[in-house]
Structure formats: structure tokens, C-alpha cells
Amino acid sequence: MNFKVPRGTQDILPAQSWKWQRVEAIMRDICELYRYKEIRTPIFEQTELFLRTVGDTTDIVQKEMYTFTDRGDRSMTLRPEGTAPVVRSFVENKMFGYADQPVKLYYSGPMFRYERQQAGRYRQFVQFGVEAIGSDDPAIDAEVISLAMEVYKRAGLSDLKLVLNSLGDAESRTAHREALVAHFRPHIGEFCKDCQSRLEKNPLRILDCKVDRDHPLMASAPSLPDYLNVPSKLYFNQVQSFLEDAGIEYEIDPNLVRGLDYYNHTAFEIMSTSKGFGAITTLCGGGRYNGLSEEIGGPNAPGIGFAMSIERLLLALDAEEKSFEDEPSLDVYVVTLGEEAHRKGFQLLQQLRKEGVKADMDFMDRKMKAQMKSADRHEAKLVCIIAEDEVAQGVVQLKNMGDGTQEQVAATAIAGKIKELLK
Ligand code: HAM
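Residues numbered from 1 in each chain as written. Predicted model: local features only at pLDDT ≥ 70, side-chain atom pairs only at ≥ 80, totals over all residues. Heavy atoms only, no water.

## Details of the pairing of strand β6 (residues 124-133)
Side chains on a regular strand alternate between the two faces of the sheet.
Phase 1 of the analysis: In terms of burial, β6 is largely enclosed, as nine of its 10 residues are buried.
Phase 2 of the analysis: Judged from the seven bridges that link them, β6 and strand β11 (residues 303-309) form a sheet pairing that is antiparallel. Within β11, the residue paired with I133 across the bridge is G303. (Buried < 20%, exposed > 50% of the residue type's maximum accessible area, 1.4 Å probe, protein only. Helix = DSSP H or I, 4+ residues; strand = E, 2+ residues; numbered from the N terminus. Pairing = 2+ DSSP bridges.)

## Here's the deal with the nonpolar core
Phase 1 of the analysis: One finds V54, F90, I133, F184, F191, I206 and Y262 to be the most contacted residues of the largest nonpolar core, which totals 49 residues.
Phase 2 of the analysis: Residues within four places of Y262 in sequence aside, it is in contact with T53, V54, E81, T83, R288, Y289 and L292.
Phase 3 of the analysis: Counting 48 residues, the second largest nonpolar core, distinct from the first, contains W18, F128, F236 and F268. (Core = buried A, V, L, I, M, F, W, Y, C linked by side-chain atoms within 4.5 Å. Contact = heavy atoms within 4.5 Å.)

## Focus: the site of the ligand
Phase 1 of the analysis: With respect to spatial proximity, 28 residues lie near the ligand, and among them E81, E115, E131, Y263 and L283 are the closest.
Phase 2 of the analysis: Separating a nitrogen atom of the ligand from a side-chain N or O atom of T83 is a distance of 2.8 Å.
Phase 3 of the analysis: Y122 is positioned such that a nitrogen or oxygen atom in its backbone is 2.8 Å from a nitrogen atom of the ligand.
Phase 4 of the analysis: Looking at the shell around the ligand, the elements that each hand over two or more residues are β6, β10 (282-288) and β11.
Phase 5 of the analysis: By residue class, the composition of the shell around the ligand is 12 nonpolar, nine polar and seven charged. (Near = heavy atom within 4 Å. Polar contact = N/O pair within 3.5 Å; in protein donor to acceptor, adjacent residues only side chain to side chain. Nonpolar A, V, L, I, M, F, W, Y, C, P; charged D, E, K, R; others polar.)

## Focus: the pattern of salt bridges
Phase 1 of the analysis: Under the counting rule described, the total for this entry stands at 24 salt bridges.
Phase 2 of the analysis: A salt bridge links R22 to D326; its shortest N-O distance comes to 3.0 Å. Pair noted here: R22 is in helix α1 (residues 14-34) and D326 is in the loop between α11 (310-319) and β12 (332-336), with a separation of 304 residues, a long-range link.
Phase 3 of the analysis: As a salt-bridge pair, R52 and E48 come within 3.5 Å of each other at their nearest N and O atoms. With R52 and E48 both in helix α2 (residues 47-55), this residue pair falls four residues apart, about one helical turn.
Phase 4 of the analysis: Overall, the relative accessible area of 42% leaves E48 in the partly exposed class.
Phase 5 of the analysis: It is possible to trace a salt-bridge network through shared partners that takes in D59, K63, D194, R198 and K210. (Salt bridge = Lys/Arg side-chain N within 4 Å of Asp/Glu carboxyl O.)

## A closer look at the domain arrangement of the protein
Phase 1 of the analysis: The assigned domain composition of the protein is domain 1 (14-169 + 229-319) and domain 2 (332-422).
Phase 2 of the analysis: Here the C-alpha centre of domain 2 lies 49 Å away from the C-alpha centre of domain 1. (Domains from an automatic or database assignment.)

## Examining the packing of aromatic side chains
Phase 1 of the analysis: Counted by the stated rule, this structure contains nine aromatic pairs.
Phase 2 of the analysis: Joined through ring pairs, the aromatic side chains of Y106, F128 and F306 make up one cluster.
Phase 3 of the analysis: Here the basic side chain of R123 rests over the ring of Y114, its NZ or CZ set 3.9 Å away from the ring centre. (Phe/Tyr/Trp six-rings, centres within 6.5 Å; stacked < 30°, edge-to-face > 60°. Lys NZ or Arg CZ within 6 Å of the ring centre and 35° of its normal.)

## With respect to the sheet that holds strand β14 (residues 382-386)
Phase 1 of the analysis: Here we have five strands laid out as an open sheet, ordered β13-β12-β14-β15-β16, and mixed in their pairing. Where the open sheet ends on each side, the last strands, each with one partner, are β13 (359-361) and β16 (406-410). Geometrically, the sheet is characterised by an average inter-axis angle of 25° between neighbouring strands, direction not taken into account.
Phase 2 of the analysis: Strand direction decides the pairing type here: β12 and β14, joined by five bridges, are parallel. Of the residues in β14, the one forming a bridge with V335 is I385.
Phase 3 of the analysis: In the packing of helix α12 (residues 339-354) onto the sheet, the strands contacted are β12, β13 and β14, and the crossing angle to β13 comes to about 165°.
Phase 4 of the analysis: The strands that helix α13 (residues 368-377) touches are β12, β14 and β15 (395-400); relative to β12, the one it contacts most, it runs at about 175°. (Axes fitted to C-alpha atoms, helices over the stretch in contact; angles between N-to-C directions.)

## Notes on the sheet that holds strand β8 (residues 251-252)
Phase 1 of the analysis: With mixed pairing, the eight strands of this open sheet are ordered in space as β1-β5-β6-β11-β10-β9-β7-β8. Among the strands making up the open sheet, the edge pair consists of β1 (37-38) and β8.
Phase 2 of the analysis: Against the sheet, helix α5 (residues 138-155) makes contact with β5 (103-112), β6, β7 (160-166), β9 (264-272), β10 and β11, and its axis sits at roughly 15° relative to β11, the strand it touches most.
Phase 3 of the analysis: In the packing of α11 onto the sheet, contacts are made with β5, β6, β9, β10 and β11, and the angle to β11 comes to roughly 55°.

## Brief notes about the pairing of β16
Phase 1 of the analysis: Direction of pairing for β15 relative to β16: antiparallel, over a ladder of five bridges. Note on β16: the bridge partner recorded for V396 is V409.
Phase 2 of the analysis: Joining the antiparallel neighbours β15 and β16 is a turn of five residues, in which G404 adopts a positive phi near 80°.

## Points about α12
Phase 1 of the analysis: For α12, with 16 residues, the first-to-last C-alpha span of 23 Å sits near the 22 Å given by 1.5 Å per residue.
Phase 2 of the analysis: For α12, the set of buried residues is A341, G345, L348, L349 and L352. The arc that holds the buried residues of α12, viewed along the axis, is 105°, so those residues lie on one side. Exposed side chains of α12 directed beyond 90 degrees from the buried face belong to E339, R343 and K354.
Phase 3 of the analysis: Where α12 is buried, its residues contact β12, β13, β14, α14 (388-393) and α15 (414-422).
Phase 4 of the analysis: Following α12 by one or two positions, G356 adopts a phi angle in the positive range, close to 85°. (Expected span 1.5 Å × (residues − 1). Arc of directions from axis to C-beta.)

Here you go:
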């Protein structure tokens, strides 16, 4: 029987994994700059957590969750996203009591959604995200957006577009919701079953239905910005002026509603505008979620955050034909000929590594020529050659792969010489 990686998942092989490490390092660096600290929550949570927060009329909850009953008969779900778990932890660990507010957190880890597989859409993907919980200062909305943009810029992306909208506060949303119900109700029979059940429960979700996307009533639906009350408009204006102060360009898209229920006020997405990018162009999504903490039994703790998948970031880099310059390479490759030389070579190898030199040697009993080829393939800067003569004389031939020069160095002096050359 042949086993395959499950549909919608992928193995990250060494040719790619170093790029993942570069991206993760950039994220960690930037979080440190912005003083966001890492949180790690479990891969699975009680199913109820996502029903309550992401929302039971969303595609994520209705169609995409990996839900299972554990041996204790509890319903558990592989996390489809990171915000609900982080806020759950914020409440459970009483982080609202920390002297240091807002609590600024980041995470990076696998998320699971049973989606139709296509380019940029996986069933297991890695989200990097941040959550700033405890403040409703519009400046922190701009900070969070700026952090996301910074990650992409530092990774080398330039074909980016930031799209912004406001979903308003509870009062604005109720007004909009009523208008939506009135708009769709007379023709709801023409919509899919999901939309029919969404009409009363959550009409906003009709707007991001993938089935009825082209129905004429979609384009003429009441637009959210027309229903924003004065405080919501004011808040949105402030967020925009903070973004302008930070020199961050944006476009307003009144149709941006996001696919999760916990949002209000600021909603944003960052898209790739690169021609080479596939059909799904959203790299990052986020927004404000005042009220989410209360929804799961916590105190009033307004929050904002975003998440981006590393998969899509790397796809965007490919689309822009960019990569990281610092692909890992070897400092030294040790080439040996004969049993005694192999022993000496191994001793040298270990000594070099102890001194922080990236070094490797042949373990396949290959001929000299093949070993030199390996050194080349690994892009070693220097090669140490040890054969019988070298063992007898207590020396090493040191070849500089950059300029092709070769010199004989005493075995006792080789490590020092190498370190000097690598400086
Ligand atoms: P989301 O829009 O569902 O938001 O996902 C955020 C990002 O995760 C997307 O923009 C995309 O980069 C990535 N993503 C989502 N689904 C997939 C998939 N199937 N394959 C690959 N990448 C995917 C959230 O998850 C919110 N928790 C974001 C947030 C944090 N809002 C506030 N705080």
C-alpha cells in the first residue's frame, strides 16, 4: 500500500523549509520591535468556543471544521483560526488583570479548515497572527496593520494593497442588519439553502456566499458605510488618520465584510497585486473584535489583530520572483581518502563545529572526485583535503573554493586558519 500526504496538506521539504525559517525569523524580529510576545495555545479546543466566536452561520463553522468526539465524549475541534483560542486564554489566565495593558500577543502555528483544495488554499496551513487586547485606541489599529505590512516588506514583497472598511459598532450593525433583511426577504427563495437560513440569523453572511455571489441583489445590497453611526464614523476616521501619519497607503472597500462573526469597527485585508499570483489574492486578514471577550465569559476587553498564512506569503514571493538571499550554505567540507584520513577528518569536523564553523563531510565512502562534487553542491566556501600523505605529515590541504587557490596547513593550525579566512 502506498501512503500519501492527506489532501490539502503538504510536506515542507528541506528545499523549502529554510524559507519558512527565514519568514518566521522576520516575524519574531518585528514582534520584538513592536513588543508583542509569543503565546502558544493547544491545537484543539472545545468545539463550542468556535461556534460562539467565529459564528455558527459562517462557512468555517458550517463546512470547514475538523470536529471529533474524544474518548471522554466531548466535542473537540482542531483550531480553524487563532483569535478565539487566544482570547479564551486571555480570559482564562486573567490577563485583563496584568498591569501591562493592552496585552500584545503573537502566535504562529498550524490551523485546520476542511476547504476545497486550490492554489493558496490548504486544509492545514500555518498562520502567523497578532492580537492586541485591552485597548480601543484607534492608534493600535494602525499599529497592528503597520506590523503586518512590515512583515511583508521585510520579506521583500512590494506588490501589495491594503484594503480597509469599518463594520461599525453594535448599533450601526443592527441598523444595517435590518436593512439587509428587508432587502433580501422578498427574493430569498432565489438563494441557496444556507443563505435562506442566514437571512434571520446573520444576513451579513449572505454577502460572502460563494454560491449566490452573482445574484443581482448582491450588488444592490445596503452598504455598511451608509449605516455607520456618528461614533463609528469618528473611530474609522481616526484609524485612517493614524495610518496616514504612519505613511501607510490604503483603499476603502465598503464591501469588505470578513468571514468571521466577531468583527466590528476596523476590518482589513492585505492583498497581493502581483500578476503571477493565483485566484486567491488575500494574504492577510484582520480586524477589531470588541465584545469577543464578553462573549466567552470575560470582562470588557476590546481587541484587534490579524492573521496571515506563511504559505501565501511564500506564494506571493514566488509570484514576484523573489527569494531570500541568505540560503544556508556550508563553511567547510572535509574530503578524506583512506580509513586513517577519515578518522582524522572526523576529528577535524567535530572540532570545527565546536568552534561554530558550519562543516560537513562524506559518510558514503565516495571517491575523491565525488566528494569534491558534494562540496560544490553544498556551496562550501573552503575544502579540507586529507589523504594518506597528509596524515603521515600531519598537514591538511586547504582549498579556497572562491578563488580556487590551495595551500598546505599544519593540522594543528588548521582550525585557526579556517576561522581567520571565514571572518
Ligand atoms: P481569516 O481571514 O480567516 O482570519 O484568515 C487569515 C489568513 O489566513 C488569510 O488571509 C490567509 O492568509 C490565511 N488562510 C486562511 N485560510 C487559509 C487556507 N485554507 N490556506 C492557506 N491560508 C489560509 C482569521 O483567521 C482571523 N483569526 C484573523 C484575525 C486575527 N482577526 C483578528 N485577529
